[in-house]
Amino acid sequence: MNQEETLLSRSTKPKQLWLVFFSICLLFLAGIYLSLRFGAISYSHNQLMEVLQEPMVQSAVQDVVVDLRLPRILAALLVGAAMAQAGAIMQGVTRNAIADPGLLGINAGAGLALILAFAIFGSLHYSQILLICLLGSFLAAILVFSLSYQAQKGYNQLRLILSGAMVASLFSALGQAITIYFDLSTAVIGWQAGGLVQVNWKMLAMIAPFIVLGLILAQLFAHQLTILSLNETVAKNLGQRTFLMTLLLLGIVLLQSAAAVALVGSLSFVGLIIPHFIRMFTGKNYRILLPLTAFAGATFLIWVDLICRSINPPVETPMSAVISIIGLPCFLWLIRKGDHL
Amino acid sequence: MKKFLATCSLVLAFLWLAACSSTQPSTKVELSSMPEIEGIVYHGDIPKNPQKVVNFAYSYTGYLLQLGIDVSSYSLDLEKDSPAFGDQLKDAVQLTTADTEAIAAQEPDVILVFAGDDNLETLKEIAPVIEITYGKSDYLEMLTDVGQIFDKEKEAQAWLDQWEDKVASAKSELNGIIDESTTFTVMDFFDKNIYLYGDNFGRGGELVYKALGFAAPAKVQEDIISKDGWFGVSQEALPDYIGDYALVNVNATTKEAAASLKESDIWKNLPAVQAGHVLEVDYNLFYFSDPMSLDLQIEAFVKAIKDAQ
């Protein structure tokens, strides 16, 4: 108990924290500006300003900047924030440093639902794809949670992780079997590795409410998460109804990452690197950790998407490839640093 | 005594084995002349009239069928579903080069693979293998090549002659309808991605650019035809690549792909789209560029152009 308390107070380093915050701010603004200007086509500062001053006036530049790039940047922002924050919450709830939302079966559920839908309907409009992915994620998460819950003993973290891993591998095995049987590889892989290519305002309008709601709820319950992340006994002694709180927090994770996964497919590492990086400065105080993680995740994904678009124009580089290339060294560095993993 | 028996049985065994092996070559197979062709490598003795052909080089299925060579396996559903091949692959099995036992069970006389196949060494032990590098011979030369290998040069030439006539009559039919300098872009959609193709990657590229001689937009020429032959493009840059007409390959699985592109201003403002010059053609028919497919493609293409006016 004592040790946990000191951990809380010790590791919040205010000066470093502000430095990190302002660095992220700068990167965030620079990322948005550059994302608007560069991509398959590059525009001058003046061209960009002209469009931004009168965003509804139709022109060739407006077609690209307002109709294609702006929703894409907002999607990167929301998805990055959701994925990073969902990772942080997941790690707090399960008290496991390498937990990620995939353990709730979200990626596997979305994937399997999509594969089934492609097998049945052949070709799908993007709005149907989004709905099916959301539905799949929710069903998979409910399955994982009910498997990890025992009537008498209640719920425990280890069972959650185990049943999550089990459901995820079962679903992906089923998915692969169906993919091979119906010869669907190109269609499904295309959607899941596509990243933010072709995101438009309509897709954003479908996905944004889930993520925004998740982000708000997460902030409201951040302090409860700090308590829950300490230790089951401590949390109970502090008067927390741990089961209810766990359920609620996992619900938030589900909202955020189901929406993110539906839009861009599964992106490894974002939910791991970003929370661990931020945790180096904030410690386990989730009231600071959560918003900062979301902010850093948003910035990270905006930059990743910018790289995807501009590294080899006019070809779009797959987002998962870029994340793996950037993410792996970051991850190794975090492991070497050691103290928070 | 023991020694004598042992020697006797050994001698007998040898005789029996020798008798066995001497019966083997009596089923003589006429061999192909195996002409030296760039991009084609032979492993083992290729028969001239193979009865069982296991074909992994799926681009050439239509060439074999056109020349009257039966194919007993296929790799892609696109082969089986091709309207050009009809039900000729009805009894064929779907195989990959890794299905060693299933391939051996077919007891093929010859196996065709694309160059660089991982399982080449294993396949060589099952049957003679012809290894083909894609794109070394163009779509018409390939028919002559296959004809030479399997002694069907006359059949190959006959098709080429009638093809020339067909192209000439299609050209004259199109002459009054569209200008010769009209530019075409060959493309298809997969999910969120937009792919463009040059003049040697199927999807109608050979037909439009090589046979009918239409031009590609400058950017397509520069970035695709002069380079890898195909690439995925960002929707932002799409207007640079679309010519007067777009030949879009569509089938049941790609009908809704790239829906957000088709709803965007960038697509709706394309001159080709505004003029109604987006020709949606059957992906299953246009995927290959073999003689059988080309015969149907040219009719479908002329009809699509007429319908677009």
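Refer to the structure presented above.
To keep things clear, this report deals only with the structure shown in the data block. Note that the coordinates shown come from a computational prediction; the quantities given were computed from them, not determined experimentally.

Conventions and cut-offs
- Residues numbered from 1 in each chain as written.
- Chains lettered and ligands numbered in written order.
- Predicted model: local features only at pLDDT ≥ 70, side-chain atom pairs only at ≥ 80, totals over all residues.
- Heavy atoms only, no water.
- Helix = DSSP H or I, 4+ residues; strand = E, 2+ residues; numbered from the N terminus.
- Rg over C-alpha atoms; globule rule 2.2 N^0.38 Å.
- Buried < 20%, exposed > 50% of the residue type's maximum accessible area, 1.4 Å probe, protein only.
- Contact = heavy atoms within 4.5 Å.
- Lys, Arg positive; Asp, Glu negative; His and termini not counted.
- Charge placed at Lys NZ, Arg CZ, Asp CG, Glu CD.
- Salt bridge = Lys/Arg side-chain N within 4 Å of Asp/Glu carboxyl O.
- Pairing = 2+ DSSP bridges.
- Axes fitted to C-alpha atoms, helices over the stretch in contact; angles between N-to-C directions.
- Parallel < 35°, antiparallel > 145°, perpendicular 65-115°, else oblique.
- Nonpolar A, V, L, I, M, F, W, Y, C, P; charged D, E, K, R; others polar.
- Disulfide = S-S within 2.5 Å.
- Buried area = accessible area lost by both parts, 1.4 Å probe.
- Polar contact = N/O pair within 3.5 Å; in protein donor to acceptor, adjacent residues only side chain to side chain.
- Phe/Tyr/Trp six-rings, centres within 6.5 Å; stacked < 30°, edge-to-face > 60°.
- Arc of directions from axis to C-beta.

1. Focus on the overall build of chain B
Along chain B, the regular secondary structure elements total 14 helices and 11 strands. For a compact globule of 309 residues, the expected C-alpha radius of gyration is about 19 Å, and chain B comes in at 25 Å, more than 25% above that figure. Every one of the 309 residues in chain B was classed for burial, and the buried ones make up 52%. Considering only contacts in chain B between residues 6 or more positions apart, those separated by 24 or more positions represent 65%. Here chain B contributes 23 positively and 50 negatively charged side chains, and the mean placements of these two sets differ by 5 Å.

2. Notes on the overall build of chain A
Summing up its helical and strand segments, chain A has 15 helices and 2 strands in all. A principal-axis box enclosing the C-alpha atoms of chain A has dimensions of 65 × 55 × 35 Å. In chain A, which comprises 341 residues, the proportion classed as buried is 54%. For chain A, the distance from the average position of its 18 positive side-chain charges to the average position of its 12 negative side-chain charges is 13 Å.

3. Focus on the pattern of salt bridges
A full pass over the atoms with the stated rule returns 17 salt bridges over all chains. Across the pair A:Lys202 and B:Glu263 runs a salt bridge whose closest N-O atoms are separated by 3.2 Å. Highlighted residues: A:Lys202 in helix 9 (residues 201-220) and B:Glu263 in the loop between helix 10 (259-262) and helix 11 (265-268), drawn from two different chains. Residue A:Lys202 is classed as exposed on the basis of its relative accessible area of 52%.

4. Considerations on the sheet that holds strand 2 (residues 53-55) of chain B
Note: strands within a sheet are paired through backbone hydrogen bonds, in either parallel or antiparallel orientation. All names here are of chain B. One open sheet accounts for 4 strands, arranged 1-6-5-2; its pairing is mixed. Strands at the two margins of the open sheet, each flanked by one partner only, are strand 1 (40-43) and strand 2. Neighbour to neighbour, the strand axes of the sheet diverge by 15° on average, direction disregarded. Relative to strand 5 (residues 110-114), strand 2 is paired through 3 bridges, and the arrangement is parallel. By the bridge assignment for strand 5, Val-54 is matched with Ile-111. Strands in contact with helix 6 (residues 141-149) are strand 1 and strand 6 (129-132); relative to strand 1, the strand with the most contacts, it is inclined by about 20°.

5. Side note on the packing of helix 7 (residues 153-175) of chain B against helix 14 (residues 291-308) of chain B
Residue and element names in this part refer to chain B. Orientation of helix 7 relative to helix 14, taken along the N-to-C sense of each, is 5°, at an axis distance of 11 Å. Here helix 7 is positioned roughly parallel relative to helix 14, judged by the angle of their axes. Touching Trp-159, Gln-162, Trp-163, Lys-166, Val-167, Ala-170, Glu-173 and Leu-174 of helix 7 are Pro-291, Leu-294, Asp-295, Ile-298, Glu-299, Phe-301, Val-302, Ile-305 and Lys-306, all from helix 14. Looking at side-chain class alone, the contact of helix 7 with helix 14 contains 11 nonpolar, 1 polar and 5 charged residues.

6. Section: unusual backbone geometry
In this model, A:Pro313 is joined to A:Pro314 through a cis peptide bond whose omega is 0°. Looking at the secondary structure, you find A:Pro314 in the loop between helix 14 (286-310) and helix 15 (319-337). Backbone geometry at B:Asp151 places phi at a positive 60°, although glycine is not the residue there. You can see B:Asp151 is positioned in the loop between helix 6 and helix 7. Under the relative-accessibility criterion, B:Asp151 is labelled partly exposed at 44%. Of note in this structure, B:Arg203 is not a glycine but carries a positive phi near 60°.

7. Concerning the state of the cysteines
A covalent bond bridging the sulfur atoms of two cysteines is what the word disulfide describes. All names here are of chain A. What the rule picks out here adds up to 0 disulfides over all chains. Cys-308 provides the cysteine sulfur closest to Cys-133, a residue in no disulfide bond, and the two sulfurs are 19 Å apart. Note on Cys-133: relative accessible area 1%, which makes it buried. Unpaired in this structure, Cys-308 has its nearest cysteine sulfur neighbour in Cys-330, at a distance of 15 Å.

8. Quick look at the interface of chain B and chain A
How large an interface is tends to be reported as the accessible area lost when its parts come together. With 29 residues of chain B at the contact, the number on the chain A side is 36 residues. Roughly 2500 Å² of surface becomes buried between chain B and chain A when both sides are summed, with 50% attributable to carbon and sulfur atoms. Among the residues of chain B in contact with chain A, B:Asp191, B:Lys192 and B:Glu236 are the three that bury the most area, contributing 32% of the side total. Across the contact surface, chain B and chain A share 3 salt bridges. At the boundary of chain B with chain A, the tally comes to 14 residue pairs in polar contact (both at pLDDT 80 or more). At the level of secondary structure, the elements contributing two or more residues to the side of chain B that touches chain A comprise strand 8 (193-197), strand 9 (230-233), helix 10 and helix 11 of chain B. In terms of residue class, the side of chain B that touches chain A is made up of 12 nonpolar, 9 polar and 8 charged.

9. Comments concerning the packing of aromatic side chains
All names here are of chain B. Counted under the stated rule, the structure contains 27 aromatic pairs over all chains. The interplanar angle of 15° and the centroid separation of 5.0 Å between the aromatic rings of Phe-184 and Tyr-245 together place this pair among those described as stacked. Here the residue Phe-184 occupies a position in strand 7 (residues 184-190), and Tyr-245 occupies one in strand 10 (residues 245-250), the gap between them amounting to 61 residues. Side by side, Phe-184 and Tyr-245 carry an identical accessibility label, which is buried. The rings of Tyr-58, Tyr-60, Tyr-63, Phe-114, Tyr-134 and Phe-201 are connected pair by pair, giving a single aromatic cluster.

10. Quick word on helix 9 (residues 218-225) of chain B
Residues that lie three or four places apart on an α-helix share one face, since the helix turns once every 3.6 residues. Residue and element names in this part refer to chain B. Buried within helix 9 we find Val-220, Asp-223, Ile-224 and Ile-225. Taken end-on, helix 9 shows its buried residues confined to a sector of 155°, consistent with a single buried face. Residues of helix 9 that are buried make contact with strand 7, strand 8, helix 8 (205-211) and strand 9.

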